[in-house]
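Reading the structure
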Amino acid sequence: MKLARETATVASLLHDATARIGATLGLDTREARLEARVLAAFAWSVAPAWLISHDTDRPAQAQITQFNDLVARRLSGQPVAYLTGTREFYGRGFQVSPDVLIPRPDTELLVEQALLHIPADQSVAVLDLGTGSGCIAITLALERPLSRVTAVDRSVAALAMAKRNGDLLDAPVEFLDSDWFSALAGRRFDLIVGNPPYVASSDPHLTRGDVRFEPLSALAASSAGLSDLRHLIATAPGYLKPGGALLLEHGYDQAGAVQDLLRAAHFEYVRCWTDLSGIYRVSGGVLSE
Ligand code: GLN
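What counts and how
Residues numbered from 1 in each chain as written. Predicted model: local features only at pLDDT ≥ 70, side-chain atom pairs only at ≥ 80, totals over all residues. Heavy atoms only, no water. Helix = DSSP H or I, 4+ residues; strand = E, 2+ residues; numbered from the N terminus. Buried < 20%, exposed > 50% of the residue type's maximum accessible area, 1.4 Å probe, protein only. Contact = heavy atoms within 4.5 Å. Areas by Shrake-Rupley, 256 points an atom, 1.4 Å probe, with all protein chains shown as cover. Lys, Arg positive; Asp, Glu negative; His and termini not counted. Charge placed at Lys NZ, Arg CZ, Asp CG, Glu CD. Pairing = 2+ DSSP bridges. Near = heavy atom within 4 Å. Polar contact = N/O pair within 3.5 Å; in protein donor to acceptor, adjacent residues only side chain to side chain. Nonpolar A, V, L, I, M, F, W, Y, C, P; charged D, E, K, R; others polar. Core = buried A, V, L, I, M, F, W, Y, C linked by side-chain atoms within 4.5 Å. Phe/Tyr/Trp six-rings, centres within 6.5 Å; stacked < 30°, edge-to-face > 60°. Salt bridge = Lys/Arg side-chain N within 4 Å of Asp/Glu carboxyl O. Axes fitted to C-alpha atoms, helices over the stretch in contact; angles between N-to-C directions.

**Looking at the overall build of the protein**
From N to C terminus, the protein includes eleven helices and eleven strands. Dimensions of the protein, computed from the C-alpha atoms along their principal axes, are close to 80 × 40 × 30 Å. Among the 289 residues that make up the protein, the fraction classed as buried is 50%. Taking all contacts inside the protein whose residues are at least 6 apart in sequence as the whole, residues at least 24 apart take part in 64%. Of the roughly 13700 Å² that the protein leaves accessible, carbon and sulfur atoms contribute 52%. Each charge class in the protein can be summarised by its mean position, and for the 26 positive and 33 negative side chains these summaries are 3 Å apart.

Below, the structure written as structure tokens:
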């Protein structure tokens with residue numbers, strides 16, 4: 001009788017991994033299957049479509065081991081994006097590591113709103129605060145080729161990753177080592193965007209799932225998560241041209257506080273927008289002229 005592992009097919013390996021990922025991480029079958037497929041495609045250096053057309057193939061033992069090792073690391077909680085080293089954002093692939101936050105679909109809302117503030121036929125100066133992987137700055141630079149995008153981060157490791165993504169995606173972004181505005185004295189921008197840390201340090205969300213492996217400095221802020229948002233809103237007017245706009249991502253329950261802060265800092269046309277889950281996730285305003 002053959003050993004089970006010698007008879008394993010692509011389909012049976014995926015089926016088994018899906019069941020284990022679903023049961024261990026509490027994911028539904030659709031999510032678990034997607035993760036198993038992403039890990040298999042990465043382990044075997046094939047496109048996801050290959051897995052479908054080769055579902056009766058019997059991978060060699062070394063390939064099975066490679067896949068199972070990745071699945072085991074996922075079962076220990078490590079995020080898929082850190083295992084594969086990439087995550088898609090706004091239709092492009094970005095390199096990621098535990099030095100940077102994993103780009104979220106919700107942050108595409110910030111990009112969409114920012115694009116509405118950047119006319120395609122004008123040379124607009126844009127600043128991205130706390131760029132991390134660079135996904136926001138790079139997307140804006142590529143979607144608006146005439147814009148001049150500057151991206152800052154105080155984490156040297158994050159900045160290196162952002163620069164690498166800028167190079168790989170051929171995006172003309174100016175990357176600066178800067179603790180928020182510290183390296184920007186005398187500069188003025190038409191648009192400032194940012195996805196700062198905004199999760200309250202005591203939020204149990206930080207102790208569950210993928211976020212446990214992400215940089216806490218990119219996630220958590222003091223004062224119920226508002227300390228960095230407060231600093232950015234109070235300081236941004238000194239770096240905006242008159243009529244310039246500020247757009248910030250924030251937590252699910254922070255829209256009211258952020259809008260109050262924006263009005264207190266003399267922003268007008270203060271608004272907020274909902275993310276894919278219908279939660280107010282981005283707020284912004286225009287600096288009065
Ligand atoms: N939206 C992220 C989360 O809930 C937090 C991102 C951030 O703090 N900027 O995990």
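**Let's talk about the pairing of strand β11 (residues 280-287)**
For β11, the buried fraction is high: seven of the eight residues fall into the buried class. Pairing between strand β9 (residues 240-249) and β11: five bridges, direction antiparallel. Bridging from a neighbouring strand, leucine 248 pairs with serine 283 of β11. Here strand β10 (residues 267-274) folds back onto β11 in antiparallel fashion, the turn holding five residues, of which glycine 278 has a positive phi close to 80 degrees.

**Some words on the site of the ligand**
Near the ligand, the surroundings consist of Leu101, Arg104, Asn195, Pro196, Pro197, Tyr198, Val199, His205, Val211, Ala218, Leu219 and Glu249. One of the side-chain N or O atoms of arginine 104 is found 2.7 Å from an oxygen atom in the ligand. Proline 196 is positioned with one of its backbone polar atoms (N or O) 2.7 Å from a nitrogen atom of the ligand. Surface burial for the ligand is 91%, taken as the share of its 300 Å² of free accessible area covered by protein chains. When grouped by side-chain class, the residues that make up the shell around the ligand number eight nonpolar, two polar and two charged.

**Things to note about the nonpolar core**
Core analysis: the biggest nonpolar cluster contains 31 residues, and Leu127, Leu129, Phe181, Ile192, Ile233, Leu246 and Phe267 have the highest contact counts within it. Listing elements by their share of this core, those giving two or more residues are β3 (125-129), β6 (189-194), α10 (227-235), β9, α11 (255-264) and β10.

**Structural notes on the packing of aromatic side chains**
Under the counting rule described, the total for this entry stands at three aromatic pairs. When the ring of phenylalanine 89 is compared with that of phenylalanine 94, the centres are 6.2 Å apart and the planes differ by 75 degrees; the resulting orientation is edge-to-face.

**A word on the pattern of salt bridges**
This model, assessed by the stated rule, comprises nine salt bridges. Between arginine 187 and glutamate 174 there is a salt bridge, with the nearest N and O atoms lying 2.9 Å from each other. Taken together, the residues span a long stretch of sequence, with arginine 187 in the loop between β5 (173-177) and β6 and glutamate 174 in strand β5 at a distance of 13 residues. With relative accessibility at 32%, the residue glutamate 174 sits in the partly exposed group. Arginine 281 is paired through a salt bridge with aspartate 275; the nearest N and O atoms lie 3.1 Å apart.

**Regarding the side chain of threonine 18**
For threonine 18, the position within the fold is in helix α2 (residues 10-25). Under the relative-accessibility criterion, threonine 18 is labelled buried at 10%. Excluding residues that lie within four positions of it along the chain, threonine 18 makes contacts with Thr29, Ala32, Arg33 and Ala36.

**Brief notes about the sheet that holds β3**
Through backbone hydrogen bonds, the strands of a sheet pair up, either in parallel or in antiparallel fashion. An order of β5-β4-β3-β6-β9-β11-β10 is seen for the seven strands of this open sheet, with the pairing classed as mixed. In this open sheet, the two strands that pair with only one neighbour each are β5 and β10. Adjacent strand axes in the sheet meet at a mean angle of 15 degrees when their direction is disregarded. By the bridge criterion, four bridges tie β3 to β6 in an arrangement that is parallel. Looking at β6, one finds that valine 126 is bridged to leucine 191.

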